[in-house]
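Listed below are the residues making up each chain.
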Amino acid sequence: MESVLEVRNVETYYGAIMALRGVSLDVKAGRIVTILGANGAGKTTLMKTVSGLMDPEKGQIRFLGQRIDGLDPDRIVNMGLAHVPEGREVFPYLTVAENLRLGAYTRKGGGIAEDIDLVYAYFPILKERRGQVAGTLSGGQQQMLAIGRGLMARPRLMLLDEPSLGLSPLLTQEIFAIIARLNEEQGVTMLLVEQNAHIALQTAHEGYVLELGRIVMAGTSEELQASEDIQEFYLGRQGETQRAQKRWKRRKTWR
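Residues numbered from 1 in each chain as written. Predicted model: local features only at pLDDT ≥ 70, side-chain atom pairs only at ≥ 80, totals over all residues. Heavy atoms only, no water.

Comments concerning the layout of surface pockets
Remark: the empty space left among the atoms is shown by a probe the size of a water molecule rolled over them. Operational definition: Note on definitions: the grid is 1 Å and covers protein atoms alone; a cavity is a set of points where a 1.4 Å probe fits but cannot get out; a pocket is an open set with protein on both sides within 12 Å along at least five of seven lines; lining residues have an atom within 4 Å of a point. Grid points are joined across faces, edges and corners, and a volume is the space filled by probe spheres set on the points. Only DSSP runs of H or I covering at least 4 residues are called helices, and only runs of E covering at least 2 are called strands; the numbering of each starts at the N terminus.
Its boundaries defined by the atoms lining it, the largest pocket holds a volume of some 530 Å³. Lining of the largest pocket is provided by 20 residues; of these, V77, H83, P85, Y105 and R149 occupy positions nearest its centre. Of all the elements in the fold, those that place two or more residues in the lining of the largest pocket are α2 (73-79), β6 (81-84) and α6 (139-151). For the lining of the largest pocket, the element with the most residues is β6, which contributes four residues.

Spelled out as structure tokens, the structure:
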């Protein structure tokens, strides 16, 4: 299985602060890979570094076998990487249909109308609201639009940054069910940043745990879900042991 994305020993700084500390990871074709971590762990910095919005000080990033670290974001987009940022960032004064068409601006050739129909098939509410200005949509509908706009580029890799942010549990389930369908039915490869570890591990094939800018754990979703550290510190499960009752005293085994 080919690697779509290879990140090797990447260090990225915010001013004098090292936000990523030697991060390495792989995303294989056709897979969903999740990055778990608390606020401030460096998840969004990682996404911005991969998509070219931030330049790493050290390390290499390869996309489809080509180095992309240091390239301008528009070049990376043209290579087939779509970034759905935290907070959605739809064009608020354009309609749903106009937002979707803008998602295809890097493409050459036809098929745009067919792909808009495909997006509408996955997100029927967008078809109902296709003439509505995007800024008046609900948060969940804007998230659907942001994902749909990303799909319009026919990406080889889609970066999804906190797709559940600000959404109700019901809407979160709906969004992640569609993410899983897009991967299974359309073969979309995804790198997914998510604070909701439960649903991220249910949806992804593999995962990494990012803490204070470092990868501290990696494995299949099943392996991560079975880890006591993941269960206690990310899934909120505590056993009926004295250790669990004194959770605040426990140190993670990866330290």
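After presenting the structure, the write-up continues.
Topic: the sheet that holds strand β4 (residues 58-63)
Operational definition: Any two strands are treated as partners once DSSP identifies two or more bridges connecting them.
Taken together, four strands build an open sheet; the order of strands is β2-β1-β4-β5 and the sheet is antiparallel. For this open sheet the edge positions go to β2 (17-28) and β5 (66-67), each flanked by a neighbour on one side alone. Taken together, the two bridges between β4 and β5 define a ladder with antiparallel strand orientation. Across the sheet, the residue bridging to F63 is Q66, located in β5.

Concerning a nonpolar patch on the surface
Note the cut-off: Like charges within 9 Å and nonpolar side chains (Val, Leu, Ile, Met, Phe, Trp, Tyr) within 5 Å are joined into patches, using only residues over 30% in relative accessible area that form no salt bridge. Only the protein chains shown count as covering a residue, and every accessible area follows the Shrake-Rupley method with a 1.4 Å probe. The rule for a salt bridge is simple: a side-chain nitrogen of Lys or Arg has to be within 4 Å of a carboxyl oxygen of Asp or Glu. Only protein chains enter the accessibility calculation, which uses a 1.4 Å probe; a residue is then buried when its area is under 20% of its type maximum, exposed when over 50%, and partly exposed in between.
Together, F91, L102 and Y105 give the surface a local cluster of nonpolar side chains, amounting to about 320 Å² of exposed area. Inspection of the secondary structure assignment puts L102 in helix α3 (residues 96-102). The class of L102 is partly exposed, set by a relative accessible area of 34%.

Digging into the packing of α6 against helix α7 (residues 169-186)
Basically, it comes down to this: Note on geometry: axes are lines fitted to C-alpha atoms, helical ones only across the stretch in contact, with angles between N-to-C directions running from 0 to 180 degrees. Angle categories are assigned with fixed cut-offs, so that under 35 degrees is roughly parallel, over 145 is roughly antiparallel, 65 to 115 is roughly perpendicular, and the rest are oblique. For any pair of crossing helices, the crossing counts as left-handed if the nearer helix is rotated counterclockwise from the farther one by less than a right angle, and right-handed if it is rotated clockwise. For this analysis, residues touch if any pair of their heavy atoms sits within 4.5 Å. For this scheme, ten residues count as nonpolar: Ala, Val, Leu, Ile, Met, Phe, Trp, Tyr, Cys and Pro. Four count as charged, namely Asp, Glu, Lys and Arg, and the remainder, Gly too, count as polar.
Between α6 and α7, the least distance of the axes is 10 Å, while the angle of their chain directions is 15°. Classified by the angle between their axes, α6 and α7 sit roughly parallel to one another. Relative to α7, α6 is oriented so that their crossing is right-handed. Contacts between α6 and α7 involve G140, Q143, M144, I147 and L151 from the former and L171, E174, I175, I179 and L182 from the latter. When the residues that make up the contact of α6 with α7 are grouped by side-chain class, the tally is seven nonpolar, two polar and one charged.

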